[in-house]
Amino acid sequence: MFRNQYDTDVTTWSPAGRLFQVEYAMEAVKQGSAAIGLRSKTHVVLACVNKANSELSSHQKKIFKVDNHIGVAIAGLTADGRVLSRYMRSECINYNYTYESLLPVGRLVVQLADKAQVCTQRSWKRPYGVGLLVAGLDESGAHLYYNCPSGNYFEYQAFAIGSRSQAAKTYLERRFENFMSSSREDLIKDALIATRESLQGEKLRSSVCTVAVVGVGEAFHILDQETVQQLIDTFEIVKEEEAPPAEPQPATEQDAAAEQASGADQGGAAGDQGGSPMDI
Amino acid sequence: MTKQHANWSPYDNNGGSCVAIAGADYCVIAADTRMSTGYNILTRDYSKISQLTDKSVMASSGFQADVKALQKVLSARHLIYQHQHNKQMSCPAMAQLLSNTLYYKRFFPYYAFNVLGGLDNEGKGCVFTYDAVGSYERVGYSAQGSGSTLIMPFLDNQLKSPSPLLLPAKDAVTPLSETEAVDLVKTVFASATERDIYTGDKLEIVILNASGIRREYMDLRRD
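Residues numbered from 1 in each chain as written. Chains lettered and ligands numbered in written order. Predicted model: local features only at pLDDT ≥ 70, side-chain atom pairs only at ≥ 80, totals over all residues. Heavy atoms only, no water.

**A few points about the overall build of chain B**
- Summing up its helical and strand segments, chain B has four helices and twelve strands in all.
- Relative to its length of 223 residues, chain B is compact, with a C-alpha radius of gyration of 18 Å against a globular reference of 17 Å.
- With respect to the three principal axes, the spread of C-alpha positions in chain B is 60 × 45 × 35 Å.
- Restricting the contact set of chain B to residue pairs at least 6 apart, pairs at least 24 apart contribute 61%.
- As displayed, chain B has an accessible area near 11,500 Å², and 53% of this comes from carbon and sulfur atoms.
- Looking at chain B, you have 22 positive and 22 negative side-chain charges, and the mean spots of the two groups are 5 Å apart. (Helix = DSSP H or I, 4+ residues; strand = E, 2+ residues; numbered from the N terminus. Rg over C-alpha atoms; globule rule 2.2 N^0.38 Å. Contact = heavy atoms within 4.5 Å. Areas by Shrake-Rupley, 256 points an atom, 1.4 Å probe, with all protein chains shown as cover. Lys, Arg positive; Asp, Glu negative; His and termini not counted. Charge placed at Lys NZ, Arg CZ, Asp CG, Glu CD.)

Here's what the structure looks like:
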């Protein structure tokens, strides 16, 4: 994968017409932990896998509330994601100040894409190393967009980005035709199952994932860990994993209960259950 | 050679009165709903009260265009605060922000006479009173606007300690119950409406306490 000659500067083309620095930035997105988004006619759900550096540290925040009607999940360089979220929040506030109405999602993603494009055409800048799944609701309905470091953006019915996202995408490709008419609960269930797919073997617990929802009459908010664990248990997603005889199943339930307790502890320790207006 | 003066003013006074009273665990903020210009009435039903956070409510009289702009600026600043701190602003914090926002335009002021009421971090009622350029003070009660000169002496009479020389020293604010405070506000506005031509039509009262926020309305004389 060495293309050394033309990859020093973002402003250098390769003879094949590629900007390698931009492509390397897209690689950074693939290295980040997975983020998944799906939408129906009335709701959009974002889910992401939480990867902590070590058991001692809290995991990185990957889902941000941008406004009451828009939220974003990121994968890649989370610091870049934080900066872009701040930009998005600022744009929403300014738009609301001027027009006393909600910034349409389509406009926000274009502004975001233009901002990313600038970094692909300045020799003193580098592309943002983060992919954003923008989930939002406006007058034209529920939307899910993906913004890449290249400055491109696409609208999706469902999408997954980050490491091991292909497994989630495969699951979503099988099911996406039903999403438009899905209920809120089914949408969240599909998001959790898709998240489980990208965990590939690791048990799905509320401590390893974060889920956020926005919908008609429902402001963007991140679901708290207890709710997520209950949903996981209700949907029996854990049980759907290959458990040999019936015996381990009660054990699995106990595990889930223990997991829930430790998950709640971790959540408390990580300090992201603050009941804050911007998180929940 | 006399200086030539402007034949146009960027300001107008839309009149009206605002009052706020702080209690041990509540705060009452009230304002009339008449909007005037000169000797005319523009509307009888315009709210001068704005809820800035869960625990702070601002009432402003003066030039309503400036008041509206001020409310929008504070509202946007509060959103930014919430993004950065993951919580709402406390009432004393909002009080300082309002002061800074007003002084920011020291040389082209917001023509707004504000009174900010709410609950402080301990849950006690607090009232902050301002001038147009941001000078402020925490007090137990205050009145601003066209009827303030009529209202304030009455509030002093009812709420202030009778004399600083009295022993034992009394509290600056008589401990009124919430209902008594609301009644006092209604009385005070009824009186101000009698003599101030810019105050009247309807009274809007907002009560903030531990259980949340409540609104009451009372008709005033429409002449």
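This is not the end of the story, as more comes after the structure.
**So, the pairing of strand S10 (residues 218-222) of chain A**
Residues and elements named next belong to chain A.
- Counting buried residues along S10, four of its five residues qualify, which places the element largely inside the surrounding structure.
- As defined by bridge partners, strand S9 (residues 209-215) adjoins S10 across three bridges and the pair is classed as antiparallel. Looking across to S10, one finds that Val213 is bridged to His221.
- In sequence, S9 turns back onto S10 through a hairpin of two residues, with Gly217 there showing a positive phi of about 75°. (Buried < 20%, exposed > 50% of the residue type's maximum accessible area, 1.4 Å probe, protein only. Pairing = 2+ DSSP bridges.)

**Description of the sheet that holds strand S5 (residues 49-53) of chain B**
All names here are of chain B.
- Strand order in the open sheet made by the five strands is S5-S6-S7-S8-S9, with antiparallel pairing throughout. Each edge of the open sheet carries a strand with a single partner, namely S5 and strand S9 (136-139). Strand after strand, the sheet turns through a mean of 25° between neighbouring axes, direction not considered.
- Bridge count for strand S7 (residues 112-119) against strand S8 (residues 125-130) is five bridges, and the pairing is antiparallel. Pairing of Gly118 across the sheet is with Cys126, part of S8.
- Here helix H1 (residues 64-85) sits on the sheet and contacts S5, strand S6 (56-62) and S7; the angle it forms with S6, its principal contact strand, is near 155°. (Axes fitted to C-alpha atoms, helices over the stretch in contact; angles between N-to-C directions.)

**Some points on the interface of chain B and chain A**
- Across the boundary between the two partners, chain B contributes twelve residues, which contact ten residues of chain A.
- In total, about 1,000 Å² of surface goes out of reach between chain B and chain A, with carbon and sulfur atoms giving 65% of it.
- Interface area lost by chain B to chain A is led by B:Lys72, B:His83 and B:Asn86, which between them contribute 58%.
- Counting across the interface, chain B meets chain A through one salt bridge.
- Where B:Lys72 meets A:Glu100, a salt bridge forms, and the shortest distance between an N and an O atom there is 3.1 Å.
- For the side of chain B that touches chain A, the residue count by class is five nonpolar, four polar and three charged. (Buried area = accessible area lost by both parts, 1.4 Å probe. Salt bridge = Lys/Arg side-chain N within 4 Å of Asp/Glu carboxyl O. Nonpolar A, V, L, I, M, F, W, Y, C, P; charged D, E, K, R; others polar.)

**As for the environment of A:Arg126**
All names here are of chain A.
- Along the chain, Arg126 falls in the loop between helix H3 (105-118) and strand S5 (130-138).
- Arg126 sits in the partly exposed class, given a relative accessible area of 46%.
- Separated by 104 residues in sequence, Arg126 and Val22 have C-alpha atoms that sit 8.4 Å apart.
- Excluding residues that lie within four positions of it along the chain, Arg126 makes contacts with Leu77, Asp80 and Cys119.
- Side-chain polar atoms of Arg126 contact the side chain of Asp80, separated by 2.8 Å. (Polar contact = N/O pair within 3.5 Å; in protein donor to acceptor, adjacent residues only side chain to side chain.)

**Things to note about the UniProt feature "domain: Proteasome alpha-type subunits" (unreviewed entry) in chain A**
- Following the UniProt record, the feature "domain: Proteasome alpha-type subunits" (unreviewed entry) maps to residues 6-28 of chain A here.
- Across residues 6-28 of chain A, the secondary structure splits into 39% helix and 0% strand, with the terminal C-alpha atoms separated by 19 Å. (UniProt positions renumbered as here; feature names shortened; annotations may be inferred.)

**Here we look at the confidence of the model for chain A**
- On average, chain A scores 85 in pLDDT, and the residues at 70 or more come to 83%.
- Low confidence marks residues 242-277 of chain A, where pLDDT is under 50. Its contacts with residues over four positions away, or in another chain, come to 35 contacts. (pLDDT = per-residue confidence, 0-100.)

**Focus on the packing of aromatic side chains**
- Within the structure shown, the criterion is met by twelve aromatic pairs over all chains.
- Taken together, a centroid distance of 5.5 Å and an interplanar angle of 85° make the contact between B:Tyr111 and B:Phe113 edge-to-face.
- Here the aromatic rings of B:Tyr130 and B:Tyr136 are separated by 5.3 Å at their centres, their planes lie at 10°, and the arrangement is stacked.
- Taken together, B:Tyr11, B:Phe63, B:Phe108, B:Tyr111 and B:Phe113 form an aromatic cluster joined through their ring pairs.
- A cation over an aromatic ring shows up here: A:Lys115 above the ring of A:Tyr87, its NZ or CZ 4.5 Å from the ring centre.
- When the ring centre of B:Phe108 is taken as origin, the NZ or CZ atom of B:Lys105, which lies over that ring, is 4.4 Å away. (Phe/Tyr/Trp six-rings, centres within 6.5 Å; stacked < 30°, edge-to-face > 60°. Lys NZ or Arg CZ within 6 Å of the ring centre and 35° of its normal.)

**Some points on the packing of helix H2 (residues 78-99) of chain A against H3(A)**
Residue and element names in this part refer to chain A.
- Contact pair H2 / H3: the axes reach a minimum separation of 11 Å and the direction vectors enclose 135°. By the angle between their directions, the pair H2 and H3 is classed as oblique. In the crossing of H2 with H3, the sense of the turn from one axis to the other is right-handed. Where H2 approaches H3, its residues Leu84, Tyr87, Met88, Glu91, Cys92 and Tyr95 are matched on the opposing element by Arg107, Leu108, Gln111, Leu112 and Lys115.
- When grouped by side-chain class, the residues that make up the contact of H2 with H3 number seven nonpolar, one polar and three charged. (Parallel < 35°, antiparallel > 145°, perpendicular 65-115°, else oblique. Left-handed = near helix turned anticlockwise from the far one by under 90°.)

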